[in-house]
Amino acid sequence: MKSAVETLNPTRVRLSIEVPFEELKDSLDAAYKKINQQVTVKGFRKGKIPARVIDQRFGRGAVLEEAVNDALPKFYTEAVNEAEIDVLGQPEVDITELKDGETLNFTAEVDVRPALELPEDFSSIEVEVDAVEVTDEDIDKSVEQLRERFASTSPVERAAEDGDVVTVDLEAKVDGEILEDGVASGVSYTIGSGELLEGIDEAVKGLEAGGEATFTSELKGGSAAGKEAEVTVKVTQVASRELPELDDEFAQLASEFDTLEELRADSRKRLENMKQYDQATQAQERVLEKLLELVEVPVPEKLLEDEVNTRKHNLEHHQLGQMGLDLDKYLEIQGKTAEEFETETREAAVKGIKTQFVLDELVKREKLNVNQEELTEHLMRRAASSGMSPDQFAQAVVEGGQVPLLVGEVARGKALATVVESATVKDTNGEVIDLDDDEEESAEAAAETETSETETSETESAETETSETESAETETAEEKTES
């Protein structure tokens, strides 16, 4: 086999491959064997039909077609490996010449990762992040939230007021018809929380147990999401909420601390830790943005289209589906036009692809490896964010063949962390920030955020590469053998 590579543009090449006919022998033998198992000829046992009979009865062209379809993926892969090119997605194959007993010539156009020129060092990168500041008001809010969790309720015989907990029965109608999923009984609702339908606060305030009211509201979910509904609400119980006193007794009830002062000190420490992590994540994201500005990254058009479509599909069929929304309703809620959504999605896709290319190149240049401990820690974090147990998540990853993707995420996080180490990070007070313990973990999160959907798109392309290639090859082989 001979092959040559022609660069069409920075992200696409054409492979020209010439295969001597004798190298098709194994595929021809396999083709005769396969056809033998599929057909019957009177006078011959199944599987024992001579090649010359198959040629006479079914045509040499059918055999060649089967053999070429079997051989093309192998010769294409050999050419890719020989040229040492990093292909993306499936190739577009064209059989340029097929002479029985002489030669098979074909071309394969395919997207490739572009060659990137990274800076030798990243000391010129400087970013600003929010300062870590925890105020007394922040602590008050945190303690108050904890206090809310330990509130008690007691039924009262009076009209409902702000802050009361009411038990209600609901019935929703659209166009005068009661919705099958629009009836609920015994729903507990805190007036003023905004956790149910818009307009319910005004409807129930002033009602005593047994009281009833009707109001109009736009449904947020269910079979009639987005539609105006006439909602009837009946109050079956009114209960007042009583918050515990903020004292040492409350601290002992709500925590492992003996005094309220100790509880507040712990709240300050937790808030500082949270803000430090947020600060580290912010630093990673801003360093990443600066890094992308320093590197020219051409984006393959086909890969970009696939990525845009993947992001749209995930939003429409997974995220919005779980919320009972369609894309039109989502855009209405977001106050965006379809054109704005398309532009934002494309920009996010471009950034995701560029991020993956740049960080992968940095991984290769710095020879960064991922050990088992790092992979396990990352898997635990991903499991927690997915709502699955580590065992369940690990099983899903292995069964889906996604281990290399997780390794890639960790490696990119390490690559970004090396850039952050060289960069200067200052807070809004002008203080230089030392990002230590949170650096690599937040770098993984930043890198993962930008590239996770891109990886999904590439994975789908990789999974379909063989089948789609064979489909294209079948068509071209048919054209040649028929002619």
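Right, let's walk through the structure included here. Along every chain, residues carry numbers that run from 1 in the direction the sequence is written. Two thresholds apply to this predicted model, a pLDDT of at least 70 for residue-level local features and 80 or more for giving and counting side-chain atom pairs, whereas whole-chain, interface and lining totals are computed over all residues. Excluding hydrogens and water, the side-chain figures rest on all heavy atoms present in the structure.

The next subject is the overall build of the protein. Working definition: helices are DSSP H or I runs of at least four residues, strands are E runs of at least two. Numbering for both runs from the N terminus. Within the protein, the secondary structure is distributed over 14 helices and eleven strands. The C-alpha atoms of the protein give 32 Å as radius of gyration, which overshoots the globular expectation for 483 residues (23 Å, by more than 25%). Seen through its principal axes, the protein has C-alpha atoms that stretch 95 × 65 × 40 Å. Here the term buried applies to any residue with accessible area under 20% of the maximum for its type, exposed to any over 50%, and partly exposed to those in between, with areas from a 1.4 Å probe on protein chains only. Counting the 483 residues in the protein, one finds 40% classified as buried. Residue contacts are counted whenever heavy atoms from the two residues lie within 4.5 Å of one another. Of the contacts formed within the protein by residues at least 6 apart in sequence, a portion of 72% connects residues at least 24 apart. As displayed, the protein has an accessible area near 26,700 Å², and 44% of this comes from carbon and sulfur atoms. Within these notes, the globule rule equals 2.2 Å times the number of residues to the 0.38 power, and the radius of gyration is based on C-alpha atoms. Here the Shrake-Rupley method, with its probe set to 1.4 Å, supplies the accessible areas, and only the displayed protein chains count as covering residues.

Once that is clear, we can look at the pattern of salt bridges. Only one rule defines a salt bridge in this text: a Lys or Arg side-chain nitrogen within 4 Å of an Asp or Glu carboxyl oxygen. Applying the stated rule across the entire model yields 35 salt bridges. Residue D266 pairs with R270 through a salt bridge whose shortest N-O separation is 3.3 Å. With D266 and R270 both in helix α7 (residues 260-294) and four residues apart, the pair spans about one turn of that helix. According to the relative accessible area criterion, D266 is partly exposed, its value standing at 23%. Salt-bridge contacts for E301 lead to R346; the nearest nitrogen and oxygen are separated by 3.8 Å. In this pair, E301 sits in helix α8 (residues 301-323) while R346 sits in helix α10 (residues 338-366), placing the two residues 45 residues apart along the sequence. Bridged by salt links that share partners, the residues E6, R12, R14, E92, E109 and D111 form one connected network.

Every axis corresponds to a line fitted to the C-alpha atoms, with the helix fit spanning only the stretch in contact, and the corresponding angles, defined between N-to-C directions, vary from 0 to 180 degrees. Between α8 and α10, the least distance of the axes is 9 Å, while the angle of their chain directions is 120°. Between α8 and α10, the angle is such that the two are oblique. Between α8 and α10 the crossing geometry is right-handed. Contact residues: E301, L303, L304, E305, E307, V308, R311, K312 and L315 in α8; F341, E342, T345, R346, A348, A349, V350, G352, I353 and F357 in α10. Tallied by class, the residues present in the contact of α8 with α10 amount to ten nonpolar, two polar and seven charged. Oblique is the label for any angle not under 35 degrees, not over 145, and not in the 65 to 115 range, which are roughly parallel, roughly antiparallel and roughly perpendicular in turn. Left-handed is the label given to a crossing in which the near helix is rotated counterclockwise from the far helix by less than a right angle, and right-handed is the label when the rotation is clockwise. Ten residue types, Ala, Val, Leu, Ile, Met, Phe, Trp, Tyr, Cys and Pro, are classed as nonpolar, four, Asp, Glu, Lys and Arg, as charged, and the remainder, Gly among them, as polar.

Below, the discussion takes up the packing of helix α11 (residues 372-386) against helix α13 (residues 403-422). It is the contact of α11 with α13, at a shortest axis distance of 10 Å, that shows an interaxial angle of 105°. With respect to each other, α11 and α13 are oriented roughly perpendicular. Across the interface between the two elements, E374, L375, H378, L379 and R382 from α11 touch V403, L406, V407, E409, V410 and K414 from α13. Grouping the constituent residues of the contact of α11 with α13 by class yields six nonpolar, one polar and four charged.

With that out of the way, let us pick up the sheet that holds strand β1 (residues 2-9). Strands belonging to one sheet form pairs held by backbone hydrogen bonds; the direction of such a pair is parallel or antiparallel. With respect to topology, four strands assemble into an open sheet ordered β1-β2-β4-β3, the strand pairing being antiparallel. In the strand order of this sheet, the two ends are held by β1 and β3 (87-99), each with one partner. When the angles between neighbouring strand axes are averaged without regard to direction, this sheet yields 20°. Each pair of strands is called paired provided DSSP finds at least two bridges between the two strands. Pairing of β1 with strand β2 (residues 12-20) involves seven bridges; the strand directions are antiparallel. Its bridge partner being in β2, S3 is matched across the sheet by I17.

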